Amino acid sequence: MANIPPIIKWFGSKRTVAAALSQKFPDFNRYFEPFVGGGALLPYSELHEAYAADIIPELIELWNMIKLHPDIVAEEYRIRWKRLQCEGPQVYYEVRDNFNQTKNCLDFLFITRTCVNGMIRYNSDGEFNNSFHLSRPGINPRTLEIHLYQWSAYLRDVTFLNIDYRECLQDARRNDFVFLDPPYGGTKDRYTKEIFELDSLFNELERLNNIGVKWMMTFDGEAGERKYNFAPPRELYRNSFPINTGLSSFKKTMEKKRDLIVESVYTNF
């Protein structure tokens, strides 16, 4: 079991509860995480063969770079970070503009480590539009390099795929284990701007049940006064429990509120 800081900050990350969730993992053959995001559960999974996917190309490209070339990732971050310290916030906006034109995954890492509250935010045109965090210089390159090599070691048996979650799970079979952290039901996908389709998700859970794949899913819940009541049909899961995942970075950033998030966890075992 690992306890290392996150490399990729991600909206809705499960890093604060990763250790607790991993304690409830069943025995399994292979591990699948089709909404990988910041990958908080990966270091806790005692992986021998694993598949992690997301629909965002630059995210998967970055994961592969961290896995295979942590030295390059560390050096590219160091270059941008040093310029930021010497030249000021305009460097952040220069890198952000370049990212929006090229989708360079190393630009992506830098802006996600130096934007306001580390919040990944895109506009309707698919451009990253969060601002520079004036009171934080970004993680020190020496510290980041240490963490990069730690993560690289944990990821050696993970295959990263830029595909839809259903395609990622097509190869899952009996006694494999899937950890799912999909968008909340009824919300728009932050990147494609489409409503996340619940019927498709529930159909996939039913398919996994039928072939003997074990799964755990963090899904609906509440954040302050907001309620997300989109529980899977009762026949799809065996157990559920609430888990406190921390404060809403979105509300903190956009409305200066500090809403506590309590999510529901569902399992078919």
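Small disclaimer: the values here were computed from a predicted structure and weren't measured. (Residues numbered from 1 in each chain as written. Predicted model: local features only at pLDDT ≥ 70, side-chain atom pairs only at ≥ 80, totals over all residues. Heavy atoms only, no water.)

Q: Explain the packing of helix 4 (residues 90-102) against helix 5 (residues 105-114) to me, please; I cannot follow it from the model alone.
A: The axes of two packed helices give the description: the angle between them and the distance between them. Contact geometry for helix 4 and helix 5: axes closest at 9 Å, N-to-C directions at 135°. Our classification of the angle between helix 4 and helix 5 gives oblique. Our pair here, helix 4 against helix 5, has a crossing hand that is left-handed. Mapping the contact onto sequence places Y92, V95, R96, N98, F99 and T102 in helix 4 and D107, F108, F110, I111 and T114 in helix 5. (Axes fitted to C-alpha atoms, helices over the stretch in contact; angles between N-to-C directions. Helix = DSSP H or I, 4+ residues; strand = E, 2+ residues; numbered from the N terminus. Parallel < 35°, antiparallel > 145°, perpendicular 65-115°, else oblique. Left-handed = near helix turned anticlockwise from the far one by under 90°. Contact = heavy atoms within 4.5 Å.)

Q: Honestly, the pattern of salt bridges in this entry has me stumped. Any pointers?
A: Oppositely charged side chains can form a pair if their charged atoms are brought close together. Enumeration according to the criterion identifies 13 salt bridges in this entry. Of the charged contacts in the structure, one is a salt bridge between R80 and D107, with a shortest N-O distance of 2.9 Å. Linking R80 in helix 3 (residues 70-87) with D107 in helix 5, this pair joins segments that are 27 residues apart in sequence. Where E94 meets R83, a salt bridge forms, and the shortest distance between an N and an O atom there is 3.0 Å. Of this pair, E94 sits in helix 4 while R83 is found in helix 3, placing the two residues 11 residues apart along the sequence. (Salt bridge = Lys/Arg side-chain N within 4 Å of Asp/Glu carboxyl O.)

Q: Quick question: what am I supposed to make of the packing of helix 3 against helix 6 (residues 141-154) here?
A: The geometry of helix 3 relative to helix 6 is characterised by a closest axis approach of 9 Å and an angle of 160° between their N-to-C directions. With respect to their mutual orientation, helix 3 and helix 6 come out roughly antiparallel. Helix-helix and strand crossings are classified by hand; for helix 3 and helix 6 the assignment is right-handed. Across from P70, D71, V73, A74, Y77, R78 and W81 in helix 3, the residues of helix 6 making contact are P141, L144, E145, L148, Y149 and S152. Looking at the contact of helix 3 with helix 6 residue by residue, the classes come out as 9 nonpolar, 1 polar and 3 charged. (Nonpolar A, V, L, I, M, F, W, Y, C, P; charged D, E, K, R; others polar.)

Q: Looking at this structure, how should I read unusual backbone geometry?
A: Note: most residues except glycine have negative phi, and most peptide bonds are trans. Unlike most non-glycine residues, K103 shows phi in positive territory, near 60°. Positionally, K103 belongs in the loop between helix 4 and helix 5. Despite not being glycine, N175 has its phi angle at roughly 70°, a positive value. Position of N175 among the secondary structure elements: in the loop between helix 7 (165-168) and strand 4 (177-180). Relative accessible area serves as the criterion here: at 33%, N175 is assigned to the partly exposed category. (Buried < 20%, exposed > 50% of the residue type's maximum accessible area, 1.4 Å probe, protein only.)

Q: Sorry, what's going on with the packing of aromatic side chains here?
A: By convention here, two paired aromatic rings are described through the distance between centres and the angle between planes. Summed over all chains, the structure comprises 22 aromatic pairs. A centroid spacing of 6.0 Å and a plane angle of 70° characterise the contact between F35 and F196, whose relative ring orientation is edge-to-face. Here F35, found in the loop between strand 1 (31-33) and strand 2 (50-53), pairs with F196, found in the loop between strand 4 and helix 8 (198-211); they are 161 residues apart in sequence, far enough to count as distant. Take F196: its relative accessible area is 10%, and that puts it in the buried class. The ring of F241 has K24 lying over it, and the distance from NZ or CZ to the ring centre is 5.0 Å. Between R234 and the ring centre of Y237, over which it is positioned, the NZ or CZ distance is 4.3 Å. (Phe/Tyr/Trp six-rings, centres within 6.5 Å; stacked < 30°, edge-to-face > 60°. Lys NZ or Arg CZ within 6 Å of the ring centre and 35° of its normal.)

Q: I'm lost on the nonpolar core in this one. Help?
A: A general feature of soluble globular proteins is that nonpolar side chains tend to end up buried together. The biggest cluster of nonpolar side chains holds 56 residues, and the ones touching the most others in it are Y31, W63 and I66. C168, F202, L236 and Y237 belong to the second-largest nonpolar core, a separate cluster that totals 24 residues. (Core = buried A, V, L, I, M, F, W, Y, C linked by side-chain atoms within 4.5 Å.)

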